[in-house]
Structure formats: structure tokens, C-alpha cells
2 protein chains.
Amino acid sequence: MSPYDPSAFPPFAVTVDLVVLTVRRHALCALAVRRGEPPFQGRWALPGGFVRADEDLSGAAARELVEETGLCAHDPDSPVQANGAHLEQLATYGDPKRDPRMRVVSVAHLALAPDLPAPRPGGDAHSARWAPVEALLHQGGYGREGEQAAPLAFDHAQILSDGVERARSKIEYSSLATAFCPPEFTVGELRRVYEAVWAVALDPRNFHRKVTGTPGFLVPTGGTTTRQGGRPAQLFRAGGATLLNPPMLRPDA
Amino acid sequence: MSPYDPSAFPPFAVTVDLVVLTVRRHALCALAVRRGEPPFQGRWALPGGFVRADEDLSGAAARELVEETGLCAHDPDSPVQANGAHLEQLATYGDPKRDPRMRVVSVAHLALAPDLPAPRPGGDAHSARWAPVEALLHQGGYGREGEQAAPLAFDHAQILSDGVERARSKIEYSSLATAFCPPEFTVGELRRVYEAVWAVALDPRNFHRKVTGTPGFLVPTGGTTTRQGGRPAQLFRAGGATLLNPPMLRPDA
DNA sequence: ATAATAGTGTCTATTAGACAGTATGTC
DNA sequence: GACATACTGTCTAATAGACACTATTAT
């Protein structure tokens, strides 16, 4: 048998898991679903599911995103724009023991979305919620209602951690932070996205000068809003540039 | 059936494909193997093979690297150091039509190695060679002996292109360029790595000041060499730092 | 000597960050 | 009025890039 002969291959199941991030109440939050069956019954996990026989990997990720959040995928290429949400492949996890039942290889994807009203519990999972990533990652922490938070199922804590780090580093040199904003947003709202994702405070004046001075990052729409209070702020939408030059650099780190 | 029940999964084959890069004769080169059987018989392809039933993804990639190049993997964690070579996961390719025989999902890995004497043809492939990435990617080009270069098999041109772009961007903000160098190297040799990978010319004086001034990047070994001709150059080895601060920035791009 | 590479010093234009100060809303 | 946020201007320290210059080898 040649090693290139696929008629003698070990059997694998292939799934997609989703790290869906958003910014709510000044905190970076991820979508978590409660598992309704073993293994890890009752524990929180990342949304995901099997890749179908005729389905592309990014197509499967987009389908799961629709099922869990209602966000519709438009462009099947990667990166995928889905109702203003960004979807890209993150990494693949294939430890032989990561699922106790059988060999499952999971192609994790990262999705960034603006603040959504509430998760639809209509999908596969019994319940779903947005939780701050710190609460999901630090298993010794406590949830919003004070309950002890159990670690995420499978290797999902590792996947979530990798996704958060990808988002944190990618908004430095790309315009991806706008994926956390509604179609029209102010400089202050964009700054609060950076502050939530990086968990730092940024100087509003230098931030304003920097983002408005980076060509292709922001395009003024002409409108203004006072939804943040204070002096009316210009509204912008994301410009065509995907790579920022110069980049937005995280303080110290 | 629940979508979380892996007893009813579509059958997948999972492979690893390798983008093995090195710098030879001032050019960025990749390892290519000639396919000995259909499909794409006689065409050049990236080395790779099936993931075994009890094998980790990075373990499978390290095993393929050993089989093709003789580089031994030491640390099974990622990123893996293999005899001075760097190994990391690149991306996963799972288009339903990417292999005409059946559904194959390939987890591509990127390996960076110092200049090796010659590929061992002892592995699976009938023959193997180092080829400049430009020759492999531009299908209309011509090989070293003047023959018309056919495009790489499967979607391997896309995989190679993604791997090259990953390497080009990652040496900017990490110390990964040292993976292309022997254990001890001079600043000039490191500069020629950057010049080959980016295909640019760099000012030797500013480059020297920059790399020696970045903390943790280079550690002097005390020795010197004249293997490049001219004044004897200090020998260095890679320091502990993996993230460069400040980064090495590509000119213009 | 000539040529090659290694390494240091210095100047300048640009930039990042600190922060004063002004503009324009709501209460 | 106080107070919030938006936005502009200016100063300074640090940096990137250009390039003059010196050092040490081989031929």
C-alpha cells in the first residue's frame, strides 16, 4: 500500500468549532453553549458541529454561525463577511484523546461580531450565552450569578485562548476591530473596542489622531451622533484597507 | 441523531502536508517531491501523508519531516524544534473536491530549516528536490534545466503560497529567521536570510545595529569566522526571545 | 594596494506619546 | 452653570533610514 492511497485511511470525524467574540459592556465576550449530553454533559463548550460530506470547511463554519447566532454568511471565501461579522480559520486540533469517544479532528474558526441582542437558544444546544472570556478561561472564577465556573469541555479552553490571542494581535495590524462595531460607528466606539479587547486604557486624543490618520481605515459617512453623550461625534464606516500602515500598537506588551 | 454524536459521521481522510522552506544560493526554496502515481502522476507536490490512528497532528508532521529530510523532531509540542528546524501548523485545507478520489482534509504545516546538503530520495516519493518558490508558484516559468514547470498537484500551490507569506510576515516580528541559519551564524548571514525571504536589499549597517540592539534576539558565542571573506565576523546563536521588540519591518510593503 | 566584509558614529525626518486647550452637545 | 465627549495643536523623546567612516581579513 502506498501512503498516498486513500482507500486505506484511518477513520476520522471532522468538526468545526467556533470562537465567536463580541464586545459587551466594555468586556470581550465569547459565545458558549451548554452541553446537553455526555461527554461533559452540563458543561459549557464552544459551538460547533460535524462537517458534512459535501461541505467546505469555511462553509461548515458559516453554517454553524448562522445556526447559533443568526448571522448570515455572504461570501464563501475566506475571510468571510457575514452580516458585518468576520469569519476566518483559526487552527486545527487533533489530539487522539481530545474526544473520549473517538478520533475527532476539529478545525476551529474565529468569528468577530458586533454586539448582538442575545443568543438564540433555538439551535442544537440546550442554552447559550455570552460570557466574558476571562470567566470562561479562568476555571477558578465565578460566573455572573456567582456560581462556580467549571472549565470548558474538551480542549475548548485552549481553542478559546488561541482565538482570543489571535484577535488581540490581529487588530494591531489590520482593520479587524471594525468587525466588532455596527456598520456606522464613532471613533470613541472604536476606541472602546480596542480598550475592551486589550484590557487597557488608551489616550482618546492620540487614538483619534492615529485612526483618522491611517489611510483607508475609516471613511466618514457625513452623519453624526450623540449616542455617547457630549459633543456630537462623526460617524464612520470601515474603509477598504485591511492592513493598517502604520499599525496600532498595544501599549508595553 | 444529535449533531454531537460521532457514531454517525461522514468518513474523512486526514493528511498532513509540509511546506519546508530553506534558503539556498540567495533564494527562498521549498521542498518538492515528484508524484509516482495517479492522480497528478509525474507532477511535483508538497511532501505529506496520512495521519495515523494514534498520532497527534504535529507528531504526524514531525514524522513526515524526518522521512523526507532526515531532520529529527525533539519536542512534540508546537512549535517544534527539529534539529534546528522550526515546525508549526499553517492551515487546514478541506475543499470537497481537492482530491479527486475521496474526501481528504489536509492539515498543512510550515517547516523552516537551514540549508541542507540534499533531499534524501529514500522516502515515499520517487524523487525530491529543492526548488525556488517563485519557480514552483509561477506555473508558466521554467525550471533550472529549462523544462516547462507544471503547476503543483492538488491545491499545493495555494498551500505553498500561504506558507511563504506566513514565513515572510513572521520573520518581521519573531526571531524565526534564525531557523534558516546553522546553530552559529554571523549577522551578515542572518541579513542574507532576510534578503532572500523578502527578496529585497537591506542596508548592512542599519541591519547590524538593529539586530544586535534587539534584546534577546542574538547571543554572541565568542567565536569569529571569515567564511564570508573580509574582516572576521562575530558568531551568534539565537537568543531566547521569540517575539522581537522592536520588530524588523519590511521596506515599503 | 585593492577589494571585500564587519562594525560604529552621526545626522535628519518621522513618529509615538504626553498633555494643554478648544468645540459642542446634555443635564 | 457643570460635565461629558469630541477633536486639534504642540512639545519631546525615541526611532528609522541614509550614509561617512574605521577595522580586519584575503589576494
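This is a predicted model, so every value here is computed, not measured. (Residues numbered from 1 in each chain as written. Chains lettered and ligands numbered in written order. Predicted model: local features only at pLDDT ≥ 70, side-chain atom pairs only at ≥ 80, totals over all residues. Heavy atoms only, no water.)

1. Here's the deal with the protein's contact with DNA strand C
The condition that has to hold: A single heavy atom is enough: if one lies within 4 Å of a molecule or strand, its residue is considered near that molecule or strand. Throughout this description, a polar contact denotes any pair of N or O atoms lying within 3.5 Å of each other; where both atoms belong to protein, one of them has to be capable of donating a hydrogen while the other can accept it, and for residues adjacent in sequence the pair is counted only when both atoms sit in side chains. In this text, helices come from DSSP runs of H or I with a minimum length of four residues, and strands from runs of E with a minimum of two, each type numbered from the N-terminal end. Classification used: nonpolar for Ala, Val, Leu, Ile, Met, Phe, Trp, Tyr, Cys and Pro, charged for Asp, Glu, Lys and Arg, polar for all others including Gly.
Around DNA strand C sit 22 residues, and of these Arg205, Asn206, Arg209 and Arg231 of chain A together with Gln234 of chain B come closest. Taken together, the sugar and phosphate atoms account for 52% of what DNA strand C places within 4 Å of the protein. Separating a base nitrogen of DNA strand C from a side-chain N or O atom of arginine 205 of chain A is a distance of 3.1 Å. The separation between a base nitrogen of DNA strand C and a polar side-chain atom of arginine 209 of chain A is 3.0 Å. For the surface near DNA strand C, the secondary-structure elements that each account for two or more residues are helix H5 (204–213) of chain A together with helix H4 (187–198), helix H5 (204–213) and strand E10 (233–238) of chain B. By residue number, the principal contributor to the surface near DNA strand C is H5 of chain A, which donates 4 residues. Of the residues that constitute the surface near DNA strand C, the class distribution is 4 nonpolar, 8 polar and 10 charged.

2. Some details on the confidence of the model for chain A
Under the convention used in this document: Per residue, pLDDT measures the predictor's confidence, with a range of 0 to 100. Here, residues are in contact when the closest pair of their heavy atoms is within 4.5 Å.
Per-chain confidence: chain A averages 88 in pLDDT, with 83% of residues scoring 70 or above. pLDDT under 50 marks residues 74–78 of chain A. Its contacts with residues more than four places away, or in other chains, come to 6 contacts.

3. As for the packing of helix H4 (residues 187–198) of chain A against H5 of chain A
Residue and element names in this part refer to chain A. Test applied: Here, axes are lines fitted to C-alpha atoms. For helices the fit covers the stretch in contact, and angles between N-to-C directions go from 0 to 180 degrees. The cut-offs work like this: below 35 degrees is roughly parallel, past 145 is roughly antiparallel, 65 to 115 is roughly perpendicular, and the gaps in between are oblique.
The contact between H4 and H5 brings their axes to 10 Å, and the two run at 105 degrees. Of the possible angle classes, the one that applies to H4 and H5 is roughly perpendicular. Residues Val187, Leu190, Arg191 and Tyr194 of H4 lie in contact with H5, whose contacting residues are Pro204, Phe207, His208, Val211 and Thr212. In terms of residue class, the contact of H4 with H5 is made up of 6 nonpolar, 2 polar and 1 charged.

4. What about the protein's contact with DNA strand D?
Close to DNA strand D lie 21 residues, the nearest being Arg205 and Gln234 of chain A together with Arg205, Asn206 and Arg231 of chain B. Here DNA strand D approaches the protein such that, of its atoms within 4 Å, sugar and phosphate make up 50%. In the model, a sugar or linking oxygen of DNA strand D is placed 3.2 Å from a nitrogen or oxygen of the histidine 208 of chain A side chain. Contact distances for DNA strand D include 3.1 Å between a base nitrogen and a side-chain N or O atom of arginine 205 of chain B. When residues of the surface near DNA strand D are traced back to their parent elements, those giving at least two are H4, H5 and strand E10 (233–238) of chain A together with H5 of chain B. Residue classes in the surface near DNA strand D are distributed as 3 nonpolar, 8 polar and 10 charged.

5. Side note on the pairing of strand E1 (residues 13–24) of chain B
If a strand is regular, its side chains alternate between the two faces of the sheet. Residues and elements named next belong to chain B. To keep it simple, the criterion reads: Only protein chains enter the accessibility calculation, which uses a 1.4 Å probe. A residue is then buried if its area is under 20% of the maximum for its type, exposed if over 50%, and partly exposed in between. For two strands to be treated as a pair, DSSP must find no fewer than two bridges joining them.
Summarising burial for E1: 12 of the 12 residues are buried, a large majority. In E1, alternate side chains face the same way, and those of Ala13, Thr15, Asp17, Val19, Leu21 and Val23 on one face and Val14, Val16, Leu18, Val20, Thr22 and Arg24 on the other are all buried. In this sheet, strand E7 (residues 104–112) lies alongside E1 in parallel orientation, the contact comprising 9 bridges. Residue pairing for E7: valine 20 is matched across the bridge by alanine 111. The pairing of E1 with strand E4 (residues 48–50) spans 3 bridges and is antiparallel. Bridge pairing in E4 places valine 16 opposite glycine 49. Alignment of E1 against strand E2 (residues 27–34), held across 4 bridges, turns out to be antiparallel.

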